[in-house]
Amino acid sequence: MKKNMGNTDRIVRVLIAIIVATLYFTEIISGTLGIVLLILSGVFVLTSLVSFCPIYAPFGIKTCALKKK
């Protein structure tokens, strides 16, 4: 897997995951929507840790800086 996520993208995803987790555990969001958003937050954290988003790959999207040759 080649890295296709930049630092800004990774930071935004982690911040979104923290916000959703906080809202879920303070019971502001709950039920099925809360569980779905919590799972999505877990996916955001996982993709941020590995710097690879599988949805970006088929579309050729890369948010990381290009290396100069």
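Residues numbered from 1 in each chain as written. Predicted model: local features only at pLDDT ≥ 70, side-chain atom pairs only at ≥ 80, totals over all residues. Heavy atoms only, no water.

Caption draft 1: Local environment of the overall build of the chain. Within the chain, the secondary structure is distributed over 3 helices and 0 strands. Start at the N end of the chain and walk to the C end: the helices and strands fall as α-α-α. Taken over C-alpha atoms, the radius of gyration comes to 14 Å for the chain, far larger than the 11 Å a tight globule of 69 residues would show. Principal axes of the C-alpha set define a box for the chain whose edges measure 50 × 20 × 15 Å. The buried share of the chain, reckoned over its 69 residues, is 25%. Across the chain, contacts joining residues at least 24 apart in sequence account for 72% of those joining residues at least 6 apart. Accessible surface for the chain amounts to roughly 5300 Å². Of this, 71% is attributable to carbon and sulfur atoms. (Helix = DSSP H or I, 4+ residues; strand = E, 2+ residues; numbered from the N terminus. Rg over C-alpha atoms; globule rule 2.2 N^0.38 Å. Buried < 20%, exposed > 50% of the residue type's maximum accessible area, 1.4 Å probe, protein only. Contact = heavy atoms within 4.5 Å. Areas by Shrake-Rupley, 256 points an atom, 1.4 Å probe, with all protein chains shown as cover.)

Caption draft 2: Inspection of the environment of Val 14 at higher detail. Tracing the backbone through its elements, the reader meets Val 14 in helix H1 (residues 7–25). A residue is classified by how much of its surface remains accessible, and Val 14, at 31% relative accessible area, is partly exposed. Along the backbone, Val 14 and Tyr 56 are 42 residues apart, and their C-alpha atoms lie at a distance of 17 Å.

Caption draft 3: Local environment of a nonpolar patch on the surface. Nonpolar side chains collect at one region of the surface, where Met 1, Val 45, Leu 46, Leu 49 and Val 50 lie side by side and expose about 550 Å² of accessible area between them. With respect to the secondary-structure elements, Leu 46 resides in helix H2 (residues 31–50). (Patch = residues over 30% accessible without salt bridge, like charges linked within 9 Å, V, L, I, M, F, W, Y side chains within 5 Å. Salt bridge = Lys/Arg side-chain N within 4 Å of Asp/Glu carboxyl O.)

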